[in-house]
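The lines below spell out each chain.
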Amino acid sequence: MFAPNISKVVIGTFCACMSATLGGSTFVLTRLILPQTDPFTLSFLRYFLMLIILLILFRPKIVSTKYNDKDLFYILLLGAIYFGGFPVCVAIGLSLTQASDASLVFATMPIWTIIMAFLFKIEKLTKIKQISVTLACLGIYFAVGNYSGSDIIQNLIGNLFVILGAIFASIFTVFSGIFITKYGNALILCLTLCSGVLAMFFLMLFFGDPLSSSLDFDLIGWLTIAFLVIPGGALMMMFWMKALQLIKPIHVSICLAFNPLSAALLGVLILNEGLKFEFYIGSLLIFAAIILTQIEAKN
């Protein structure tokens, strides 16, 4: 009687954990490849190739679906804001700070979503949510405290860019729900990527350096790009959408904890990053904030 529901929960949880784990690995590999290119060129190349893959998979459904003109305008606008801001800000942040720190700071995205929903009067800021926001801010403080001396300024700037990327992601989370319910995850992902990639193209032209050596990768560089596009891009998003299809968003969000954990582990193995005591304190505070947020949402 309960077997089908249990199976859905197990598969959905597995998909959510895989997506979050792959997401954490992209922070490490992005930092690994950034010395060979600039953040703007890397973001455009990665998401442009990802868009091509998704269009091949979902093009028939995109073409056959009927859209409201007003909906389509807002969907494309959300895409330009989200993909035009989130990937670039995170890439810039990763050029200045450790992948483990950046991934941990980005894990506070549910907290910024709460703040965004409160500012636009979509949700009320309850006491539990206030405590969550406070814990998250303390966690970020300890994460930034991984460094000392002159490095702390660079680390702070890098984490601020990552926070800005999380805020862009929160804007998308708050305002895209109605369109995802109406048209489905896959279609909204493809449509928002279309306008987002166009926004990244113009950002690359103005702030990047695509016509010089920014695309002159070595073998490791191209293999890294391939991972960022396929397992760390299209596959990661497909896992995430499948998880949202099978289990509740609250359950999916809890699995976000695997993001900084995988980034920290790979950061040590691949980038030789060090993890200080402050990182562990920050992790506990941020995970506590995320769990409190999910308990509040469930209630």
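Our subject is the structure that appears above.
These lines cover the structure that appears in this document, whether it is placed above or below. Model, not experiment: these values are computed from the prediction.

**Re the overall build of the protein chain**
Secondary structure summary: the protein chain contains twelve helices and zero strands in total. Helices (α) and strands (β) of the protein chain occur, in sequence order from the N terminus, as α-α-α-α-α-α-α-α-α-α-α-α. Taken across its 299 residues, the protein chain has 50% of its residues classed as buried. Counting only carbon and sulfur atoms, one obtains 73% of the accessible surface of the protein chain, whose full area is about 14,700 Å².

**Brief notes about the packing of aromatic side chains**
Per the counting criterion, the structure on display carries 14 aromatic pairs. Here the aromatic rings of phenylalanine 44 and phenylalanine 48 are separated by 5.4 Å at their centres, their planes lie at 15 degrees, and the arrangement is stacked. Of this pair, phenylalanine 44 and phenylalanine 48 both sit in helix α2 (residues 39-64), four residues apart, which is roughly one turn of that helix. The interplanar angle of 55 degrees and the centroid separation of 5.6 Å between the aromatic rings of tyrosine 47 and phenylalanine 83 together place this pair among those described as tilted. With tyrosine 47 in helix α2 and phenylalanine 83 in helix α3 (residues 69-94), the pair connects residues that are 36 residues apart, well separated along the chain. Accessibility classification places tyrosine 47 together with phenylalanine 83 in one group, the buried group. In this structure an aromatic cluster arises from ring pairing among Phe27, Tyr47, Tyr82, Phe83, Phe86, Phe106 and Phe172.

**Some thoughts on the packing of helix α5 (residues 109-119) against helix α7 (residues 151-183)**
A pair of packed helices can be characterised by two numbers: the angle between their axes and the separation between those axes. Contact geometry of α5 with α7 gives a least axis separation of 8 Å together with a crossing angle of 60 degrees. Relative to α7, the element α5 lies oblique. Here α5 runs over α7; the crossing is right-handed. Taken together, the residues of α7 that come into contact with α5 (itself represented by Met109, Trp112, Thr113, Met116 and Ala117) are Ile163, Ala166, Ile167, Ala169, Ser170, Ile171, Thr173 and Val174. Per-class residue counts for the contact of α5 with α7 are ten nonpolar, three polar and no charged.

**Looking at the packing of α2 against α3**
One can describe the packing of α2 onto α3 by two numbers: an axis separation of 9 Å at closest approach and a directional angle of 130 degrees. Between α2 and α3, the angle falls in the class oblique. When the axes of α2 and α3 are compared, the crossing they make is right-handed. Of the residues in α3, those touching α2 at Pro39, Phe40, Ser43 and Tyr47 are Phe83, Phe86, Pro87, Val88, Ala91 and Ile92. Residues of the contact of α2 with α3, tallied by class, amount to nine nonpolar, one polar and no charged.

**Things to note about helix α4 (residues 99-106)**
Counting buried positions along α4 yields eight of eight residues, so the element is predominantly enclosed. Restricting attention to buried positions, one finds in α4 the residues Ala99, Ser100, Asp101, Ala102, Ser103, Leu104, Val105 and Phe106.

**Let's talk about a nonpolar patch on the surface**
Together, Leu198, Phe201, Phe202, Leu205, Phe206 and Phe207 give the surface a local cluster of nonpolar side chains, amounting to about 660 Å² of exposed area. Mapping leucine 205 onto the fold places it in helix α8 (residues 185-207).

**What to know about the pattern of salt bridges**
Under the criterion given, the structure shown has one salt bridge. The partner of aspartate 71 in a salt bridge is lysine 182, with the nearest N and O atoms 2.7 Å apart. Residue aspartate 71 is located in helix α3, and its partner lysine 182 is located in helix α7; the two are separated by 111 residues in the primary sequence. Given the relative accessible area of 12%, aspartate 71 is considered buried.

**Considering the nonpolar core**
Core analysis: the biggest nonpolar cluster contains 64 residues, and Tyr47, Leu54, Phe83, Phe106 and Leu193 have the highest contact counts within it. Put simply, the parts of the chain that give this core at least two residues each are α1 (3-33), α2, α3, α4, α5, α7, α8 and α9 (219-246). If you look at the next biggest cluster of nonpolar residues, it comprises five residues, including Leu104, Ala107, Ala264 and Phe279.

What counts, and where the lines are drawn
- Residues numbered from 1 in each chain as written.
- Predicted model: local features only at pLDDT ≥ 70, side-chain atom pairs only at ≥ 80, totals over all residues.
- Heavy atoms only, no water.
- Helix = DSSP H or I, 4+ residues; strand = E, 2+ residues; numbered from the N terminus.
- Buried < 20%, exposed > 50% of the residue type's maximum accessible area, 1.4 Å probe, protein only.
- Areas by Shrake-Rupley, 256 points an atom, 1.4 Å probe, with all protein chains shown as cover.
- Phe/Tyr/Trp six-rings, centres within 6.5 Å; stacked < 30°, edge-to-face > 60°.
- Axes fitted to C-alpha atoms, helices over the stretch in contact; angles between N-to-C directions.
- Parallel < 35°, antiparallel > 145°, perpendicular 65-115°, else oblique.
- Left-handed = near helix turned anticlockwise from the far one by under 90°.
- Contact = heavy atoms within 4.5 Å.
- Nonpolar A, V, L, I, M, F, W, Y, C, P; charged D, E, K, R; others polar.
- Patch = residues over 30% accessible without salt bridge, like charges linked within 9 Å, V, L, I, M, F, W, Y side chains within 5 Å.
- Salt bridge = Lys/Arg side-chain N within 4 Å of Asp/Glu carboxyl O.
- Core = buried A, V, L, I, M, F, W, Y, C linked by side-chain atoms within 4.5 Å.

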